[in-house]
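Each chain, written out:
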Amino acid sequence: QVWLVESGGGLVQVGGSLRLSCRASGNIFSINDMAWYRQAPGKQRELVARIWRDGDTNYGVSVKGRFTISRDSVRDTVYLQMNSLEPEDTAVYYCGARDGSPEVYYGMNYWGKGTLVTVSA
């Protein structure tokens, strides 16, 4: 079992920056990769960024070059640095983790409760 807690969301103006944090606890050694997803009202959840145990990363097309995912293994925390924010980035941002268990939702086994990011024009 893995528990995830996100933080760092809030209200920011267009062009601004925010850093989201996701702290993992529980059986963290079972985690293969972690990711940030987001879900805007009326839309499906979409991948923002993903980081694997070996450090490889990949990004959604709409955020590439603006967002950076990173991790701090000492603090068991994954970060999402978001720069040049746009109104279209407004969404609830969820942290997910995958350990290969059979039950998955959007490719992840565990999810946090989410943190709201609002970008005002």
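Look up: the structure comes first, before these words.
Nothing here was measured: the structure is a model prediction, and the numbers come from that model. (Residues numbered from 1 in each chain as written. Predicted model: local features only at pLDDT ≥ 70, side-chain atom pairs only at ≥ 80, totals over all residues. Heavy atoms only, no water.)

Draft legend 1. View of the nonpolar core. Judged by nonpolar contacts, the single largest core of 30 residues is most densely connected at L4, M34, W36, L80, M82 and Y93. Counting residues per element, the ones that place at least two in this core are β1 (2-7), β3 (18-26), β4 (33-39), β5 (46-52), β7 (67-72), β8 (77-82), β9 (91-98) and β11 (115-120). Filtering out sequence-adjacent residues up to four positions away, Y93 remains in contact with E6, L20, W36, Y37, R38, V48, F67, L80, M82, G114, T115 and V117. (Core = buried A, V, L, I, M, F, W, Y, C linked by side-chain atoms within 4.5 Å. Buried < 20%, exposed > 50% of the residue type's maximum accessible area, 1.4 Å probe, protein only. Helix = DSSP H or I, 4+ residues; strand = E, 2+ residues; numbered from the N terminus. Contact = heavy atoms within 4.5 Å.)

Draft legend 2. Quick look at the side chain of S21. Within the fold, S21 resides in strand β3. Setting aside residues no more than four positions away along its own chain, S21 makes contact with V5, E6, S7, W36, T77, V78 and Y79.

Draft legend 3. Geometry of the pattern of salt bridges. For the structure on display, the rule yields seven salt bridges. With a shortest N-O distance of 2.8 Å, R66 and D89 are connected by a salt bridge. Here D89 lies in the loop between β8 and β9 and R66 lies in the loop between β6 (57-59) and β7, a separation of 23 residues in the sequence. Among the ionic pairs, D72 bridges to R75, the shortest N-O distance being 2.7 Å. Owing to a relative accessible area of 18%, D72 belongs among the buried residues under this scheme. Taken together, the shared-partner salt bridges connect R38, E46, R66, E86 and D89 into one network. (Salt bridge = Lys/Arg side-chain N within 4 Å of Asp/Glu carboxyl O.)

Draft legend 4. Structural detail: the state of the cysteines. If you walk through the whole model with that rule in mind, you get one disulfide. A sulfur-sulfur distance of 2.0 Å marks the disulfide that ties C22 to C95. Since a negative S-S torsion denotes a left-handed disulfide, the C22-C95 link at about -80° is left-handed. With C22 in strand β3 and C95 in strand β9, the pair connects residues that are 73 residues apart, well separated along the chain. Neither C22 nor C95 differs from the other in exposure class; each is buried. (Disulfide = S-S within 2.5 Å.)

Draft legend 5. Spotlight on the packing of aromatic side chains. Per the counting criterion, the structure on display carries four aromatic pairs. Ring geometry for Y94 versus W111: centroids 6.5 Å apart, planes at 90°, classification edge-to-face. Here Y94 is found in strand β9, whereas its partner W111 is found in strand β10 (residues 110-111), with 17 residues between them in sequence. Using a relative accessible area of 22% as the deciding quantity, one classes W111 as partly exposed. Ring centres of Y105 and Y106 lie 4.8 Å apart, and the angle between their planes is 85°; this geometry places the pair in the edge-to-face category. Using a relative accessible area of 44% as the deciding quantity, one classes Y105 as partly exposed. By relative accessible area, which is 31% here, Y106 ends up partly exposed. Members of the aromatic cluster, connected to one another through ring pairs, are Y37, Y94, Y105, Y106 and W111. Between R45 and the ring centre of Y94, over which it is positioned, the NZ or CZ distance is 3.8 Å. (Phe/Tyr/Trp six-rings, centres within 6.5 Å; stacked < 30°, edge-to-face > 60°. Lys NZ or Arg CZ within 6 Å of the ring centre and 35° of its normal.)

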